[in-house]
Amino acid sequence: MSLTITPVKCDDKKDEQSHRSAWLQFIKSVATFKGDLTSLTAPPFLLAPTSIVEYSAYWAEHPSLFVSPAREECAKKRSLRVLQWFLSTLKHQHASKDENGKRKKLKPLNPFLGEIFLGKWLDNAGTTHLVTEQVSHHPPTTAYKIWNDAHGIRLEGHVEPKAYFSSTINIERKGYSILHIDKYDEDYLITMPKAHVEGIVTLQIAPELSGVSYIRSSSGYTSRITYSSKGWLKGKSNSFTAVIYPHDDESNPLYTLEGRWSDSYTIKDGKGKLIDTVNLTTLQRTPLQVAPIESQHPLESRRAWKNVIDAINANDIFATGHEKSKIENSQRALRRQEKDTGDIWKMRYFTQTEEDPVAEKLSIDSKTATAGSVERTVWKFDEEKYRKVMQNQRNGIKSPTHARFDSGIGIIEIEEI
């Protein structure tokens, strides 16, 4: 006998009151929880129809800005272009509303181990590729590579978010990215700012950035970005001040950028002369092209989470919880099986290493370690693995399409292609 779950939708005032009550109860549990909040299960109505692995796409949603530094011959101006590209990645990644003005859901889906997200951008900059893989579940770590061969530029990195409660929900993002430009054999070490959630009592959720992040180049320049938010009496939300200066000479800035990462900012030279005003709201995003669901590998995010995403978009909280539990329970069973057999999940595109000479060389020393230290364990894109996957695809080796993969990423062994 089959069990049919009747869709239960939440779209009236009574449901809004129920959501508010559930939200306050969730916040109470968060406030008393000890440990990483990413391990908590959020109420279904808070879930966004997107996995965290898709967040790496924000790095290159403006491909022309991503490749722009490769076209600049002056090292000082290249650092400025890298900083401008970085600032352009913040708005939609941390926005509380989508492009249609609709408020976003708070909690993205937690990726399962081995989950992948693949895509590419096609525009005047040529083809820009994206490969993302969830390389660890505890702690959650996402590795990614973005590259454009025509311009000889690539970004590679990994991020390990950790959430905790202190007056509000706070998120620290360990990890870093390395931007490399072939033409100048130049590298940039990029760290990420801290984030926190505002409006948790009123349920008017708004992510905000805080602290300091850095971009440090092998050509001799450092960008320091300081983030601030609206205070009780003054200030504006999403504010920042960034300075570019020669290494170890912060007292002599070459450029100062100031404004709001969600709106606009000004650029001034070292003498305080206005050079330009940049309006981030007018930037056109290039759509990321992703394979149709039916053509995707079973481990690709949108195929693996399809039933959950469909339920979230249908506002069906029971189906959301049911489908999400199927994936989570199957993953737990797979981890138990691996433990019993002594097997270790093999990453498809990335390899773990304990060294990253480029990051170690560019990291700020312990005396000024506000940029963060380089982790002992890092994840690097494995070109050999990638070539093997691409070769197998060209030779017509297909992925398994058993329905069990699409209802929980089952225990059946997945063919390596």
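The coordinates are above.
If you're wondering where the values come from, they're calculated on a predicted model, not measured in any experiment. (Residues numbered from 1 in each chain as written. Predicted model: local features only at pLDDT ≥ 70, side-chain atom pairs only at ≥ 80, totals over all residues. Heavy atoms only, no water.)

## Describing the overall build of the protein
Selection rule: Counting from the N terminus, the helices are DSSP H or I runs at least four residues long and the strands are E runs at least two residues long. Each residue is assigned to one of three classes by its accessible area relative to the maximum for its type, calculated with a 1.4 Å probe on protein chains only: buried under 20%, partly exposed between the two thresholds, exposed over 50%. Contact definition: two residues touch when any of their heavy atoms are within 4.5 Å. A 1.4 Å probe and the Shrake-Rupley method give the accessible areas. Residues count as covered only by the protein chains that appear here.
Counting secondary structure elements, the protein contains nine helices and 17 strands. For the protein, buried positions account for 45% of its 417 residues. Restricting to contacts in the protein with at least 6 residues of sequence separation, those with at least 24 account for 57%. Accessible surface for the protein amounts to roughly 21700 Å². Of this, 50% is attributable to carbon and sulfur atoms.

## A closer look at the nonpolar core
Note the cut-off: Side-chain atoms within 4.5 Å link the members of a nonpolar core, which is a set of buried Ala, Val, Leu, Ile, Met, Phe, Trp, Tyr and Cys residues.
By size, the foremost hydrophobic cluster in this structure holds 44 residues, and its most contacted members are F86 and L257. No other element matches the six residues that helix α3 (residues 75–88) contributes to this core. In this structure, L47, F112, F350 and V389 belong to the second largest nonpolar core, which totals 24 residues.

## Quick look at the packing of aromatic side chains
Here is the rule we go by: Each pair of aromatic rings taken from Phe, Tyr and Trp, with Trp reduced to its six-membered ring, is defined by centres within 6.5 Å and is described as stacked if the planes are under 30 degrees apart, edge-to-face if over 60, and tilted in the remaining cases.
Under the definition given, this model contains twelve aromatic pairs. Look at W147 and F381: their rings are 5.9 Å apart centre to centre, the planes differ by 45°, and that puts the pair in the tilted class. Here F381 lies in strand β17 (residues 378–381) and W147 lies in strand β5 (residues 140–148), a separation of 234 residues in the sequence. Exposure class is identical for W147 and F381. Each is buried. Arranged with centres 5.7 Å apart and planes meeting at 70°, the rings of F240 and Y265 form a pair that is edge-to-face.

## Here's the deal with the pairing of β5
If a strand is regular, its side chains alternate between the two faces of the sheet. This is how it is decided: Two strands qualify as a pair provided that DSSP identifies no fewer than 2 bridges between them.
Burial within β5 is extensive, with nine of its nine residues counted as buried. In the sheet, strand β4 (residues 126–137) pairs with β5 via eight bridges, with the strands oriented antiparallel. Within the sheet, the bridge partner assigned to Q134 lies in β5 and is T142. The hairpin formed by β4 and β5 contains two residues between the paired strands. As judged from the seven bridges shared by β5 and strand β6 (residues 153–166), these two strands associate in the antiparallel manner. Looking at the pairing, K145 lines up with E156 of β6. A loop of four residues connects β5 with β6, the two strands running antiparallel in sequence, and G152 in this loop sits at a positive phi of about 60°.

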